[in-house]
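# Observations on the model geometry
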Amino acid sequence: MLTTSILDPILSRFIREGSLDVTFADGKTTRYEGSKLGPHAGLRFVTKAAERGFFLNPGLAFGEAYMDGGVTPQGCTLYDLLHVLMLNAMYSSGHVGEALSAATRMVRRRWIQFNPESRSRRNVAHHYDLDERLYRLFLDRDWQYSCAYFRTGNETLDEAQDAKKHHIAAKLKLDRPGLSVLDIGCGWGGTALTLARDYGAVVTGITLSTEQLQAARARAAEAGLSDRVRFELLDYRQVRTRYDRIVSVGMFEHVGIGHYRTFFDKVRDVLADDGVALLHSIGRNDGPGTTNPWIAKYIFPGGYSPSLSETFVAIEHSGLWVTDCEVLRLHYARTISIWRERFAAHRADAAKIYDERFCRMFEFYLAGAELSFRVQGHMNFQLQLTRSIDAVPFTRDYMVDEERAALARIARP
């Protein structure tokens, strides 16, 4: 059945891979087809307002319409629907409204990512100060809210998150006890506690989340590590003490492009002359871009996944050495897939903590985040940085040796 919706010409051009059955608010249905080998999904517009939103600014309005019940998957899951939409969004000849919106965001991106200290704290509170019971529903036992490391692909989430911490520790070259470590963006403290317990480090973790700070301090006390690990509510720009090692996992995405020089200059200034730093961040493989407006509004205000090119420019100006770079491609997709399954299994519990609209927001976030790694070029990178040219050995063999030795030590009864 044909439709006269304003979306018909847009969707006809937009769907290049797979197919999409669309039922419009007037009840009429049309199939839009691209290549026959791609995925298939169905979409129902419940309201005309949802159709207008998809026409004008789909990057923001589609997620809002899903949260409010204005659009719904039809004959498929939300993940299936987003798979078709996000896959086709990668074509430059796609949705005109989204192209115009993206161009506007690109012009404004420095303002959107303007994150002075006061704004950074508000941005962090928006997401990380949510009720900790929510995060318990889907994270691993150590509350690692970042990309896990699947050494074989068969690990459980707990095993992969443990492997991530030891993978990072090997790159930090913690070759003697008592090394001072700064953990920038320490989350709920899992990495700091691991470095202190398993490697004898003396760790200072800093965060802008009051909820994470409280939980991290309680965990340190419970583990009997308060004498080796301390946590502070502190912006990275206010650090004055020098450290032997610096680690930052999943925090650089919140720095903002206008502050990259400040961030790496600070790392240089507070890193010991023979020190080693390790940065773990989400990135993108297609060059500088912008943050999806729905993600920026509802999930990570002020957040942005940087390209390696714009990250390296800032590092080069700082005078730091990039002594190692590793790109983790599908590790985060696998991580989020497990989070998504766990959240779905405990969705009723999440609704009791918040409400149905929040649950729809969160499942939209998790499905979209996973697909950004599967079909839209997102990945994770780990950069090892030093002040000195000879702070680490000539080859990276020591990383592999230390990682294997650490895992062997931990596996012993």
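Rules used throughout
Residues numbered from 1 in each chain as written. Predicted model: local features only at pLDDT ≥ 70, side-chain atom pairs only at ≥ 80, totals over all residues. Heavy atoms only, no water. Helix = DSSP H or I, 4+ residues; strand = E, 2+ residues; numbered from the N terminus. Rg over C-alpha atoms; globule rule 2.2 N^0.38 Å. Buried < 20%, exposed > 50% of the residue type's maximum accessible area, 1.4 Å probe, protein only. Contact = heavy atoms within 4.5 Å. Phe/Tyr/Trp six-rings, centres within 6.5 Å; stacked < 30°, edge-to-face > 60°. Lys NZ or Arg CZ within 6 Å of the ring centre and 35° of its normal. Pairing = 2+ DSSP bridges. Right-handed = clockwise from strand over helix to strand, strands pointing away. Expected span 1.5 Å × (residues − 1). Salt bridge = Lys/Arg side-chain N within 4 Å of Asp/Glu carboxyl O. Core = buried A, V, L, I, M, F, W, Y, C linked by side-chain atoms within 4.5 Å.

### Quick look at the overall build of the protein
Per the secondary structure count, the protein includes 17 helices and eleven strands. The globule rule puts the C-alpha radius of gyration for 413 residues at 22 Å, and the 22 Å found for the protein is close to it. With the C-alpha coordinates of the protein rotated into their principal frame, the extents come out at 70 × 45 × 40 Å. Here the protein, with 413 residues, has 56% of them falling under the buried criterion. The long-range share in the protein, meaning contacts at least 24 apart out of those at least 6 apart in sequence, stands at 72%.

### A word on the side chain of Thr 311
Its location among the elements puts Thr 311 in helix α13 (residues 308-318). The contact partners of Thr 311, leaving out residues within four places of it in the chain, are Phe 252, Phe 264, Pro 306, Phe 381 and Leu 383.

### Quick word on the packing of aromatic side chains
With the rule as written, the count across this model stands at 31 aromatic pairs. Of note, Arg 334 hangs over the ring of Phe 150, and the distance from its end group to the ring centre comes to 5.4 Å. Across the ring face of Tyr 66, the terminal group of Arg 360 is positioned such that the distance to the ring centre comes to 4.2 Å.

### A closer look at the pairing of strand β8 (residues 243-249)
The buried fraction of β8 amounts to six of the seven residues, a majority that puts the element mostly inside the structure. Where strand β5 (residues 180-184) lies against β8, three bridges are found, and the strand directions are parallel. Opposite Asp 183, over in β8, you have Val 247 as the bridge partner. Judged from the six bridges that link them, β8 and strand β9 (residues 271-284) form a sheet pairing that is parallel. Bridged to Tyr 243 within β9 is Leu 271. Taking the sense of rotation as the criterion, the β-α-β connection linking β8, helix α11 (residues 260-270) and β9 turns out right-handed.

### Looking at helix α10 (residues 210-222)
Here α10 is 13 residues long and its end C-alpha atoms lie 18 Å apart, about the 18 Å a rise of 1.5 Å per residue gives. Buried positions along α10 lie against α6 (117-128), α7 (132-136), α9 (190-199), β6 (202-207) and β7 (229-233). Where α10 terminates, the next one or two residues include Gly 224, which has phi positive at roughly 70 degrees.

### Observations regarding the pattern of salt bridges
Under the defined criterion, the tally for this structure stands at 29 salt bridges. Across the pair Arg 141 and Asp 162 runs a salt bridge, and its minimum N-O distance is 2.8 Å. You can see Arg 141 sitting in the loop between α7 and α8 (157-172) and its partner Asp 162 sitting in helix α8, a full 21 residues away along the chain. Judged by its relative accessible area of 58%, Arg 141 falls in the exposed class. Judged by its relative accessible area of 23%, Asp 162 falls in the partly exposed class.

### Overview of the environment of Ser 372
Within the secondary structure, Ser 372 sits in helix α16 (residues 356-375). With a relative accessible area of 11%, Ser 372 lands in the buried category. Sequence separation of Ser 372 and His 83 is 289 residues, and the distance between their C-alpha atoms is 9.3 Å. Look past the residues within four positions of Ser 372 in its chain and what remains in contact with it is Met 86, Gly 377 and His 378.

### Describing unusual backbone geometry
In this model, Trp 143 sits at a positive phi of 60 degrees, which is unusual for a non-glycine residue. Residue placement: Trp 143 occurs in the loop between α7 and α8. Classification of Trp 143 by relative accessible area gives buried; the value is 10%. The backbone of Lys 173 sits at a positive phi, close to 55 degrees, despite the residue not being glycine. Along the chain, Lys 173 turns up in the loop between α8 and β5.

### Topic: the nonpolar core
Ranked by size, the top nonpolar core spans 70 residues in total, and within it Leu 20, Tyr 145 and Phe 362 carry the most contacts. Per-element tally for this core: the top contributor is α16, with twelve residues. Beyond its immediate chain neighbours, meaning those up to four positions away, Tyr 145 contacts His 127, Tyr 128, Tyr 135, Phe 138, Leu 139, Trp 188, Phe 300, Tyr 332, Trp 339, Phe 362 and Tyr 365. With 27 residues, the next largest nonpolar core counts Tyr 243, Leu 271, Ile 315 and Phe 381 among its residues.

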